[in-house]
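# Analysis of the macromolecular model
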Amino acid sequence: MAKPLVLHLLLLLICGSALLSSGSVIHPISDAHRSAAKELFVPAADGSFGSLEETYEALRSFQILGVDRSGAKFEGTCKTVSEKLSSPTSTTKDLYHALKITAILGCQTESIEFDGITSRLQTVVKDASSLLELYYSLGGLLSVKEQGKDVILSDADGTFQAIKALSQSDGRWRYDKDSTGSSTFAAGIALEALASVVSLAGSDIDQSKIAVVRKDITKLFDRIKRYDDGTLYFDEKNVDPDQYKGPLATSASITSGVTAFAAVSSEKLNIGGEKILGLAKFFLSIGVPGTAKDFFYQINSLASLENNRISIPLVLSLPVTVLSLTSKDQLKVEVTTVFGSHAPSLAVSLLKVLTPDSKEVTSFEKKELEYDPENRIHFLDLSPLKIDVGKYSLIFKVSVNDPEGADLYATGDQIIVTAFLTGFIKVDKAEIAVSDSDAASESVQKLDLSKDSLISLSANHLQKMRLSLQLTTPLGHSFKPHQMVVKLRHESKVEHLFVPETSSRQYKLVLNFLGLVEKFYYLSGRYEIELAVGDAVMENSILRSVGSIELDLPEAPEKAAKPPARPVDPLSRFGPKEEISHIFRAPEKRPPQELSLGFMGLTILPLLAFLIGLLRIGVNFKGFPTSAVPATFAILFHGGIGAVLLLYVLFWLKLDLFTTLKALGFLAVFLLFVGHRTLSYLASTSAKQKTA
């Protein structure tokens, strides 16, 4: 039972690996990211997400994705932010994130002294010696300005020059004057800080300085790295291990910095649209990141690209990459922005169709896809194109219809997308035969794999078995599947696998039993014959038994190899065990109830005799202490004796021996103390009476 399952899973693995080998498919941001955001950013009871930085990244991600957080309670977060903004010991980094959070949540700002915060940040900008200090202080000032406050940077030209002094000739930046190395990640921070300077300046910055920065950006993009599919990204080079950020963080920093600087620049940056599109493909190719930090880098960077002054990238994607020729599926294409917004009026053309070995399908000619305005998709009917089943690389061209919008959007030159065309594979001339070794006579039986019919054969070790068939695609071409296996399974569960060979459009398997007797361990008897044919584009994959063959093999020699041990069925090892029926020992015979009650009465008689004796003798309290302290110890002593008697009763009813002894130990110490004080008082009183 386990072996057919393994073979079936093998076929599924073959098909799945073929589908995955095409690489990740680029899709715009979807509801999957919104669901992931709720899982990655989990707020605490006060509404915060950890530190101020983590809280800002979570809230910013929710804001970009449009995740509804109306039911969340952020009063605690606003209170914490207000305290940070009012504290004189808050760092510029905390002030930066606190101001950002205030703007996102719309916290009450009446109690916030924005003038004092602005003055503090202006002082930091003036005295700053590192790039990060300038970045956070300038970002904080810009955030104050965006909240409607009047903020003007006191020495904008000097600050601009101070940041520019940290740049390098290759477009990278240093973190401070003492740094010996430069960083690509720092370049993104510097560009964003320079954009803040331009926004906060009371007058226009010298355009010659802006032009120098534009040249630095061009040099920076000369260092960009690329994949074969046009995906582009930035990475660090020759930096200290503690400063290495990785491709995602570095690319995110550059994207945010470049788009921010482009927004304040009077002239358009000299960056090709294909580079902006390549960066967008890099961020989208990640899918859904697994950490909150990476998620923020991805979403924030794509938000910068969604609406920028360089080029807005348009993403071409296929809602379905597996198309059935049997069902006459249409090729459907969507072109949107990175967040799935509708694209402008454009034309989508299918230029070429390439096979996996990069050969062009000669029967195909360039086709322009039709547009469905209701569903906002471009589609193409594949049936008239005469394209057979298989894995293909589809090369598209996207063109914006409006000439003025051609410079506004980045569509790329040629877009390559992998698709699978599946269909029903026809099985022809399937037959199985048994012949003598000299092929003088042959017994042939036809196989109809569309039915459940089974064949029955018999052979000895001097004969051969032949199985042959042809596979044909819907267009009549010979089909070569990824996997074809013939399995012979003996009645003792010993299995043998064979792979048919292809020859002149036909698959053939010939088994010469004389040469296989050792492989078959000289096991005569009935062998089941099973055929498995699987492929990623084959809609009617085959996994079925075609019949059986009765083999008569010679006796095994004395030194012949033994067949392997029969595999243990997992269900027999780990399945439910037989139920154990247990018979408990019969309870011992108890005495009659009357006898037990009579014995209990005898045990109570001494207590009754004691009480009667007390009544006969007479009891008085003349010797009981009258002073406050001795009387208190006397009461505690008698109470302790009563507690011991009560403990005996509880031991009889419910307590175990160890619990009883533990409690009795504490009571014994208590009784020893109060009893000693009580008896000492009585002894001293008696001695005074005698002397008197």
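Refer to the structure presented above.
Source: prediction; values computed, not measured.

What follows concerns the overall build of the chain. Scanning the chain from terminus to terminus reveals 17 helices and 23 strands. Computed over the C-alpha atoms, the radius of gyration of the chain is 44 Å, more than 25% above the 26 Å expected from 2.2 N^0.38 for a compact globule of 692 residues. A total of 692 residues make up the chain; the buried ones form 42% of that total. The contacts in the chain between residues at least 6 apart in sequence include a share of 69% that link residues at least 24 apart. Total accessible area on the chain stands at roughly 39,300 Å², and carbon and sulfur atoms take up 55% of it.

This brings us to the environment of Leu679. Position of Leu679 among the secondary structure elements: in helix α17 (residues 657–691). Remark: the alpha-carbon pair of Leu679 and Pro630, spanning 49 residues in sequence, is separated by 9.6 Å.

Here the focus is the state of the cysteines. All chains considered together, the criterion is met by 1 disulfide. Paired through a disulfide, Cys78 and Cys107 show a sulfur-sulfur distance of 2.0 Å. Linking Cys78 and Cys107, the disulfide has an S-S dihedral of approximately -70° and is accordingly described as left-handed. With Cys78 in helix α4 (residues 75–86) and Cys107 in the loop between α5 (92–105) and α6 (114–127), the pair connects residues that are 29 residues apart, well separated along the chain.

Before going further, it helps to spend a moment on the pattern of salt bridges. Applying the stated criterion across every chain yields a total of 21 salt bridges. With a closest N to O distance of 3.8 Å, Glu528 and Arg526 form a salt bridge. Accessibility expressed as a relative area gives 38% for Arg526, which makes it partly exposed.

A few words now on the nonpolar core. By size, the foremost hydrophobic cluster in this structure holds 90 residues, and its most contacted members are Leu138, Ile163, Trp173, Ile217, Phe221 and Val258. In terms of residue count, the dominant contributor to this core is helix α9 (residues 184–200) (11 residues). Beyond its immediate stretch of four places on either side in the chain, Leu138 contacts Val125, Leu153, Thr159, Ile163, Ala193, Ser196, Val197 and Leu200. Among the nonpolar cores identified, the runner-up in size contains 42 residues, and Ile455, Tyr507, Leu511 and Leu531 belong to it.

Okay, the pairing of strand β13 (residues 415–422) next. Summarising burial for β13: 7 of the 8 residues are buried, a large majority. In this sheet, β13 lies alongside strand β5 (residues 322–324) in parallel orientation, the contact comprising 3 bridges. Bridge pairing links Ser324 to Thr422 in β13. Note: strand β11 (residues 390–400) against β13, 7 bridges, orientation antiparallel. What sits directly across from Tyr392, in β13, is Ala419.

As a further point, take the packing of α9 against helix α11 (residues 246–264). Two elements in contact, α9 and α11, have axes whose closest approach is 7 Å; the angle formed by their N-to-C orientations is 25°. Viewed along their axes, α9 and α11 adopt a mutual orientation that is roughly parallel. With respect to the hand of their crossing, α9 and α11 are arranged in left-handed fashion. Contacts from Thr184, Phe185, Ala187, Gly188, Ile189, Leu191, Glu192, Leu194, Ala195, Val198 and Ser199 of α9 reach α11 at Ala249, Thr250, Ser253, Ile254, Ser256, Gly257, Val258, Ala260, Phe261 and Val264. The residue makeup of the contact of α9 with α11, split by class, is 13 nonpolar, 7 polar and 1 charged.

All right, on to the packing of helix α3 (residues 52–65) against helix α13 (residues 292–306) then. The contact between α3 and α13 brings their axes to 10 Å, and the two run at 45°. Here α3 lies oblique to α13, going by the angle between them. The chirality of how α3 crosses α13 is left-handed. On α13, the residues that touch Glu53, Tyr56, Glu57, Arg60, Ser61, Ile64 and Leu65 of α3 are Lys293, Phe295, Phe296, Ile299, Asn300 and Ala303. Considered class by class, the residues forming the contact of α3 with α13 number 7 nonpolar, 2 polar and 4 charged.

The subject of this paragraph is the sheet that holds β13. With respect to topology, 5 strands assemble into an open sheet ordered β5-β13-β11-β7-β8, the strand pairing being mixed. Taken across any chain shown, the strands that pair with only one partner, and hence form the sheet edges, are β5 and β8 (367–368). Of the pairings in the sheet, the one linking strand β7 (residues 346–354) to β11 comprises 8 bridges and is antiparallel in character. Paired with Ser349 across the strands is Lys397, a residue of β11.

Attention now goes to the side chain of Asn308. One can find Asn308 in the loop between α13 and β3 (312–313). The exposure class assigned to Asn308 is buried, which follows from its relative accessible area of 5%. Among the polar contacts made by the side chain of Asn308, one reaches the main-chain carbonyl oxygen of Leu305 at a distance of 2.8 Å. At 2.9 Å, the side chain of Asn308 and the backbone nitrogen of Ser311 are in polar contact. Contact partners of Asn308, with chain neighbours within four places excluded, come to Thr259 and Pro313.

This part covers helix α16 (residues 628–653). An α-helical segment advances 3.6 residues per turn. Residues three or four places apart therefore align on the same side. Taking 1.5 Å as the rise per residue, α16 with 26 residues should run 38 Å; its terminal C-alpha atoms sit 37 Å apart, in good agreement. Those residues of α16 that fall on the buried side of the exposure criterion are Pro630, Ala631, Phe633, Ala634, Gly640, Val644 and Leu647. Buried positions along α16 lie against α17.

Rules and cut-offs
Residues numbered from 1 in each chain as written. Predicted model: local features only at pLDDT ≥ 70, side-chain atom pairs only at ≥ 80, totals over all residues. Heavy atoms only, no water. Helix = DSSP H or I, 4+ residues; strand = E, 2+ residues; numbered from the N terminus. Rg over C-alpha atoms; globule rule 2.2 N^0.38 Å. Buried < 20%, exposed > 50% of the residue type's maximum accessible area, 1.4 Å probe, protein only. Contact = heavy atoms within 4.5 Å. Areas by Shrake-Rupley, 256 points an atom, 1.4 Å probe, with all protein chains shown as cover. Disulfide = S-S within 2.5 Å. Salt bridge = Lys/Arg side-chain N within 4 Å of Asp/Glu carboxyl O. Core = buried A, V, L, I, M, F, W, Y, C linked by side-chain atoms within 4.5 Å. Pairing = 2+ DSSP bridges. Axes fitted to C-alpha atoms, helices over the stretch in contact; angles between N-to-C directions. Parallel < 35°, antiparallel > 145°, perpendicular 65-115°, else oblique. Left-handed = near helix turned anticlockwise from the far one by under 90°. Nonpolar A, V, L, I, M, F, W, Y, C, P; charged D, E, K, R; others polar. Polar contact = N/O pair within 3.5 Å; in protein donor to acceptor, adjacent residues only side chain to side chain. Expected span 1.5 Å × (residues − 1).

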